[in-house]
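Listed here are the chains, written in short residue letters.
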Amino acid sequence: MGRPRKRRMVNYDHNTRHFKPSGVCLKDLEEVNITIDELETLRLSSLEKMKQENAAQTMQIHQSTFQRTLQRTLQKIADALVNGKSIKVEGGNYTMPGKDGTGPMGQGPMGGLNRGQNGGMVGGQTQGRGQRGLRGGKGAGVSISRGECKCPNCGHEQIHQPGIPCGQINCPKCGNLMIRK
């Protein structure tokens, strides 16, 4: 019997779940499945421009596991792009940083295997911001991304919350969507 897979920390709510070539019906396409944790490796590496060691710490996995997962994700995406396949994002073995394991900052269910029988707790410890993680360190799983969100309408500024895009936050003063400063 093999070792059980370790849950990976995912700090971003991936809203878009299906991509396909234009002009072709989805039912006529082969499908490539990318898991939520695989997409997270791509996001941390390519968009957040994190080094593999830091990204692996953020996801609470070993650096070599991060590298293999990222390589597998890139191969799947290349296959889909080169061979005209659709890409479906779903599933995986991951935990979200909401204290109850249900989503970024507790925003609700996310799918996959992140809702365990123990309410998102791993080893009896809540996995969330400022909590002790699997490696025992304070704040394990917190995104390195820092900065501020700003309202383009009224100019209100607030501290950026990692894992929640500024474009999904309404300004508390005027209700307009915020942007990253």
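These numbers come from a predicted model, not from an experiment.

(A) Layout of the packing of helix H1 (residues 36–47) against helix H2 (residues 52–59). Contact geometry of H1 with H2 gives a least axis separation of 10 Å together with a crossing angle of 140°. Classed by the angle they form, the pair H1 and H2 counts as oblique. Classified by chirality, the crossing of H2 by H1 is right-handed. Two secondary-structure elements touch here, H1 through Asp37, Glu40, Thr41 and Leu44 and H2 through Ala55, Thr58 and Met59. Partitioning the contact of H1 with H2 into residue classes produces three nonpolar, two polar and two charged.

(B) Fine view of unusual backbone geometry. Phi angles above zero are rare outside glycine, and Lys49 is one such case at about 55°. Mapped onto the secondary structure, Lys49 falls in the loop between H1 and H2. Taking relative accessible area as the criterion, Lys49 reaches 67% and is therefore assigned exposed. With a phi angle near 60°, Gln60 is a residue other than glycine that sits in the positive phi range. With respect to the helices and strands, the residue Gln60 is situated in the loop between H2 and helix H3 (63–83).

(C) Structural detail: the pairing of strand S4 (residues 86–89). Here strand S2 (residues 18–19) runs beside S4; their pairing, made up of two bridges, is antiparallel. Paired with His18 across the bridge in S4 is Lys88. Two strands pair when backbone bridges link them, and strand S3 (residues 31–34) and S4 are joined in this way by four bridges, in the parallel orientation. Across the sheet, residue Val32 finds its bridge partner in S4, namely Ile87.

(D) The arrangement of the side chain of Thr35 in detail. Mapped onto the secondary structure, Thr35 falls in the loop between S3 and H1. On the accessibility criterion, Thr35 (16% relative accessible area) is buried. Within polar-contact distance, the side chain of Thr35 engages the side chain of Asp37 at 2.8 Å. Excluding residues that lie within four positions of it along the chain, Thr35 makes contacts with Val89, Glu90, Gly91 and Gly92.

Quick notes on the rules
The numbers attached to residues start from 1 for each chain and follow its sequence in the written order. Confidence filtering applies because this is a predicted model: local features only for residues at pLDDT of at least 70, side-chain atom pairs given and counted only at 80 or more, and all residues used for totals across whole chains, interfaces and linings. Side-chain figures throughout are based on the complete set of non-hydrogen atoms in the structure, without hydrogens or water. Only the contacting stretch of a helix is used when fitting its axis, a line to C-alpha atoms as for every element, and angles between N-to-C directions run 0 to 180 degrees. A helix here means a DSSP run of H or I that spans at least four residues, while a strand means a run of E at least two residues long, and both kinds are numbered starting from the N terminus. Roughly parallel here means an angle under 35 degrees, roughly antiparallel means over 145, roughly perpendicular means 65 to 115, and every remaining angle is called oblique. Crossings are sorted by hand: turned counterclockwise from the far helix by less than a right angle, the near helix makes the crossing left-handed, and turned clockwise it makes it right-handed. We call two residues contacting when some pair of their heavy atoms lies within 4.5 Å. Note on residue categories: nonpolar means Ala, Val, Leu, Ile, Met, Phe, Trp, Tyr, Cys or Pro, charged means Asp, Glu, Lys or Arg, and polar means any other residue, Gly included. Classification of residues uses two cut-offs on accessible area relative to the type maximum, computed with a 1.4 Å probe and protein chains only: under 20% is buried, over 50% is exposed, and between them is partly exposed. Strands were regarded as paired on the criterion that DSSP finds at least two bridges between them. Here a polar contact is taken to be a pair of N or O atoms separated by no more than 3.5 Å, where protein atoms must pair a possible hydrogen donor with a possible acceptor and residues adjacent in sequence count only if both atoms sit in side chains.

This is a description of form; function is not addressed.
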